[in-house]
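Residue strings, one per chain:
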Amino acid sequence: MPSPLLRTAVATALALGALGLTQPARASSSDGVYTVRVPDGDPHKRSLAPRTTEPFSLVGVTWADPDAALDGTAYVRTRSRESGEWSAWRALDTDVRTPEGGPDRDHSGVRGGTQPLWTGPSDGVQVRVSGGRLPQGLRVELVDPDGGSDAVHTSVVEPGVPEPGVPEPGGAVEPAPGAPLVGRPTVTSRSAWGADESLVKDPPTYTTGTQAMFVHHTAGTNGYTCAQSASVVRGVFLYHVQSNGWNDIGYHFLVDKCGTVFEGRAGGIDKPVLGAHTYGFNTATSSVSVLGDYSTATTNAAVRASVAKVAAWKLGLYGLDPAGTVVLTSGTDNGKYQAGQKVTLHRISGHRDGSPTECPGQNLYDDLPEIRSLAAQAGTLVAPQPKPQPEPGQGQGTEPAPEPATEWVPESESELAELGIEGVLAR
């Protein structure tokens, strides 16, 4: 006779089947990420039937080989927790590559993957993947950035104000002589948006400097509110660390559609931290990613101004003209450039300028000339002013030299008489 546990499992499966849903295949969860294995089979077509899942707000697809590209398309549709309605099918952006070096490359369990898609609060998913020979080990990544985050309160760190209790490793980068004096932008810190620092296993890696800024978009959707932006950033962080297996979030900065700037990768926003953003050109560059899909949406003045200010400030630390160009060397064969190839790029470039991708979307890419112009206007070259030197014979201490006395000339004998002085004018 079947055991009670088996009878329960069979009953549950039948109930879900009646609803057109199935149970997860080898589902597992870890620190806000719930994964579901996509069954192997046809090398050109894989699918995951519609199913009820744990709560999530961001979804992506990953695979076992970090060097494999998904030669095809991956579509998902999700079910809203609020309305119970299923979304339309949406394609996941596949323009993602594992970094060419550093701790993000060396971690065990590093996986290839698509860009994640922000869905909002959801509890059901269906997936279809098709194309050339598909990579092995496909799985769906369901990210819940708000699970257990009741204690997270979003705030901002004002320019020049250090975050309490956070040391400054290595000290700040001193601006280069003659560098544009651009104020540091207001940035929402990692602790403010809720980064779980226990998930970052290795310390940051530093390069020799920052020679260029790459502009990205996170792709996915623009259907988030600015009140949800911290959750979106947490979701991207969890996806990069828990799903891709990287050491930390790949981008140095993120900007939402209201122009709010978020601190990305740890290690100091004023330091040359090695990122995981532009395959072949991660060394000696920085990155800023705008939340949303700018292949379909257009940016606004707040987004353009924030991206320009971040780039102008970061490049200004090294005395670099944000409207200028630079010659960079490709660190690997990335499908657009060969390893060791020297490439002339704008100091503020789009992701597609360095890698074979559509990122940051045509609309944001078309905004880059304006962003470079805004960045160039953000600071003015100011020559250091020499300190005033005392005149010969005047005091050499810290007190200012006394003003020279003004000679007083009496105008009449009566004025002298009132002061008890007589005969001066006559003499």
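Residues numbered from 1 in each chain as written. Predicted model: local features only at pLDDT ≥ 70, side-chain atom pairs only at ≥ 80, totals over all residues. Heavy atoms only, no water.

> A description of unusual backbone geometry should follow, citing residues and the corresponding values.
The linkage connecting cysteine 359 with the following residue, proline 360, adopts the cis geometry, with an omega of 15°. Mapped onto the secondary structure, proline 360 falls in the loop between helix 6 (351-354) and helix 7 (362-366). Although it is not a glycine, alanine 219 sits at a positive phi angle of roughly 65°. Relative to the helices and strands, alanine 219 is located in the loop between strand 9 (212-217) and helix 4 (229-243). The phi dihedral of alanine 284 is positive, around 65°, even though this residue is not glycine. (Helix = DSSP H or I, 4+ residues; strand = E, 2+ residues; numbered from the N terminus.)

> I'd like a rundown of the pattern of salt bridges, residues and numbers included.
Applying the stated criterion across every chain yields a total of 9 salt bridges. The partner of arginine 79 in a salt bridge is aspartate 123, and the shortest N-O contact between them spans 2.9 Å. Here arginine 79 is found in strand 4 (residues 72-80), whereas its partner aspartate 123 is found in strand 7 (residues 117-131), with 44 residues between them in sequence. What emerges from the salt-bridge pattern is a single network uniting Arg190, Glu197 and Asp248. (Salt bridge = Lys/Arg side-chain N within 4 Å of Asp/Glu carboxyl O.)

> Can you break down the environment of serine 122 residue by residue, with the values?
Residue placement: serine 122 occurs in strand 7. When the C-alpha atoms of serine 122 and tryptophan 86 are compared, they prove to be 9.4 Å apart, with 36 residues separating the residues in sequence. When residues no more than four places from it in sequence are discounted, the contact partners of serine 122 are Glu54, Pro55, Phe56, Thr78, Arg79, Ser80 and Arg81. Of the polar contacts made by the side chain of serine 122, one reaches the side chain of threonine 119; its length is 3.1 Å. (Contact = heavy atoms within 4.5 Å. Polar contact = N/O pair within 3.5 Å; in protein donor to acceptor, adjacent residues only side chain to side chain.)

> Describe helix 8 (residues 368-377), naming the residues involved and giving the relevant values.
Of the residues making up helix 8, those classed as buried are Leu368, Ile371, Arg372 and Ala375. Taken end-on, helix 8 shows its buried residues confined to a sector of 100°, consistent with a single buried face. Turned more than 90 degrees away from the buried face of helix 8, the exposed residues are Pro369 and Gln377. In this structure, the buried residues of helix 8 make contact with strand 9, helix 5 (301-316), strand 14 (342-346), strand 15 (348-350) and helix 7. (Buried < 20%, exposed > 50% of the residue type's maximum accessible area, 1.4 Å probe, protein only. Arc of directions from axis to C-beta.)

> Mind laying out the nonpolar core, listing which residues take part and the relevant values?
Formed by 27 residues in total, the largest nonpolar core has its most connected members in Val215, Phe253, Val288, Val307, Ile348 and Ile371. Of all the elements in the fold, those that place two or more residues in this core are strand 9, strand 10 (253-255), strand 12 (285-290), helix 5 and helix 8. Looking at which element gives the most residues to this core, the answer is helix 5, with 8 residues. When sequence neighbours within four positions are dropped, the list of residues in contact with isoleucine 371 reads Arg304, Val307, Ala308, Ile348 and Leu364. Formed by 22 residues, the second largest nonpolar core is a distinct cluster that contains Leu58, Val200, Val233 and Leu238. (Core = buried A, V, L, I, M, F, W, Y, C linked by side-chain atoms within 4.5 Å.)

> Lay out the packing of aromatic side chains in plain terms, naming residues and giving numbers.
Enumeration according to the criterion identifies 3 aromatic pairs in this entry. Between phenylalanine 214 and phenylalanine 281 the ring centres are 6.3 Å apart and the planes differ by 45°, which places this aromatic pair in the tilted class. With phenylalanine 214 in strand 9 and phenylalanine 281 in the loop between strand 11 (261-263) and strand 12, this pair connects stretches of sequence that are 67 residues apart. Relative accessible area serves as the criterion here: at 0%, phenylalanine 214 is assigned to the buried category. Every member of this aromatic cluster is reached through a ring pair, and the members are Phe214, Phe281 and Tyr337. The ring of tryptophan 86 is capped by arginine 77, whose NZ or CZ atom sits 4.6 Å from the centre of that ring. Geometry around tyrosine 365 places arginine 352 over its ring, the cationic atom sitting 4.5 Å from the centre. (Phe/Tyr/Trp six-rings, centres within 6.5 Å; stacked < 30°, edge-to-face > 60°. Lys NZ or Arg CZ within 6 Å of the ring centre and 35° of its normal.)

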